[in-house]
Amino acid sequence: MGTQLSALFSGVSRFFEYPVKRKPICFYRQEDFTATGEPNRKLPEVQKVSMTDYDKLVELFYTRLAEQRQYNQEMKEKDRRWSMQKMVKRFPGWNEVAIANLHSLFLLFDNQSNGMLGFDDFGAVLESLGDETPMDVRKEKFTNADTDNDGWITYDEFLSLVYNFNPQETQTNEDEPVKVTGLAALVNDVADNIQFVSNLTVGEQLEYGLF
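Residues numbered from 1 in each chain as written. Predicted model: local features only at pLDDT ≥ 70, side-chain atom pairs only at ≥ 80, totals over all residues. Heavy atoms only, no water.

Going by what an unreviewed UniProt entry lists, the protein chain is known as EF-hand domain-containing protein and is assigned to Arctia plantaginis.

Printed below as a string of structure tokens:
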């Protein structure tokens, strides 16, 4: 009797054993493995479906669309380069980096997003460049640049205003590069700093404390 009870309790204890030990479930298909248990490397054969006339027409359409987009992108980049070259010729003494930086500042402080700057916006641009011109002088220069007297200046007027903000030195020798002064020279200094920082590695930027 004691032996039977011992066997009974032993079976019950195994029944309530925790954690329950189960045989791991395998979700792999048998056909994915070889007879030795190695993964089957054979790739499934893809049936080639012949293209219909409609499929060919769709493929031709998207091919031409991609070519047209690529062409438009190239033309847009060409126009941008041409416009930048015209600006460099129009404002001697400035390079592409200086003009691009001014364009970024113009867009940044165009708070109305109307392609124009008010006097306060223009003052914010001067502050970002480090200009310390008195407010009355800024107001006078801005009013003179505002040809239609509507209180706003366009991008072209903005560039001309910054370039001619201070009288430029008279160029005695045409072979020498034009030297800008005042605010126009300050624009070049900012552009040089931007170009210098952009050429630094991440480690060098950390050394200069730029992060």
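From this point, the narrative continues.
A. Structural context of the environment of Y155. Its place among the elements puts Y155 in helix α6 (residues 155–163). In sequence terms Y155 and G115 are 40 residues apart; their C-alpha atoms lie 7.0 Å from each other. Here Y155 is in contact with M87, I99, H103, F106 and G115, once residues within four sequence places are set aside. (Helix = DSSP H or I, 4+ residues; strand = E, 2+ residues; numbered from the N terminus. Contact = heavy atoms within 4.5 Å.)

B. Highlighting the UniProt feature "domain: EF-hand" (unreviewed entry) in the protein chain. As recorded in UniProt, the feature "domain: EF-hand" (unreviewed entry) lies at residues 97–132 and 133–168. For residues 97–132, helix accounts for 64% and strand for 0%, while the C-alpha atoms at its two ends are 23 Å apart. (UniProt positions renumbered as here; feature names shortened; annotations may be inferred.)

C. Summary view of the nonpolar core. Grouped together as the largest cluster of nonpolar side chains are 31 residues, with contacts concentrated most on W94, L102, F122, I153, F158, L159 and V162. At the level of secondary structure, the elements contributing two or more residues to this core comprise α2 (53–90), α3 (96–108), α4 (119–129), α5 (135–145), α6 and α7 (182–198). No other element matches the six residues that α6 contributes to this core. In this structure, V162 is in contact with W94, L102, F122, L183, A184 and V187, ignoring residues within four places of it in sequence. (Core = buried A, V, L, I, M, F, W, Y, C linked by side-chain atoms within 4.5 Å. Buried < 20%, exposed > 50% of the residue type's maximum accessible area, 1.4 Å probe, protein only.)

D. How the structure looks around the side chain of D131. As for its position among the elements, D131 is in the loop between α4 and α5. A residue is classified by how much of its surface remains accessible, and D131, at 11% relative accessible area, is buried.

E. Region of the structure containing the packing of aromatic side chains. On inspection of all chains with the given rule, the structure shows 10 aromatic pairs. On the basis of an interplanar angle of 75° and a centroid distance of 5.6 Å, the ring pair of F119 and F142 is categorised as edge-to-face. One end of the pair, F119, is in helix α4; the other, F142, is in helix α5, with 23 residues separating them in the sequence. Look at F142 and you get buried, because its relative accessible area is 3%. Within the aromatic cluster, the residues linked to one another by ring pairs are F106, F119, F122, F142, Y155, F158 and F165. Over the ring of F119 we find K139; its NZ or CZ atom is 4.6 Å from the centre of that ring. The residue whose ring lies beneath K141 is F165, and the NZ or CZ to ring-centre distance is 5.8 Å. (Phe/Tyr/Trp six-rings, centres within 6.5 Å; stacked < 30°, edge-to-face > 60°. Lys NZ or Arg CZ within 6 Å of the ring centre and 35° of its normal.)

F. Quick peek at α4. For α4, every residue scored as buried is listed here: F119, D121, F122, G123, V125, L126 and L129. Considering only its buried residues, α4 is in contact with α3, α5, α6 and α7.

G. Looking closely at the side chain of E157. Relative to the helices and strands, E157 is located in helix α6. Buried E157, no salt bridge; nearest opposite-charge side chain is R90, N-O distance 9.0 Å. When near neighbours in sequence (up to four residues on either side) are disregarded, E157 contacts A145, T147 and W152. (Lys, Arg positive; Asp, Glu negative; His and termini not counted. Salt bridge = Lys/Arg side-chain N within 4 Å of Asp/Glu carboxyl O.)

H. Layout of the packing of α2 against α3. Contact pair α2 / α3: the axes reach a minimum separation of 10 Å and the direction vectors enclose 105°. Considered as vectors, α2 and α3 are oriented roughly perpendicular to each other. Of the residues in α3, those touching α2 at R81, M84, M87 and V88 are E96, I99 and A100. In terms of residue class, the contact of α2 with α3 is built from five nonpolar, no polar and two charged. (Axes fitted to C-alpha atoms, helices over the stretch in contact; angles between N-to-C directions. Parallel < 35°, antiparallel > 145°, perpendicular 65-115°, else oblique. Nonpolar A, V, L, I, M, F, W, Y, C, P; charged D, E, K, R; others polar.)

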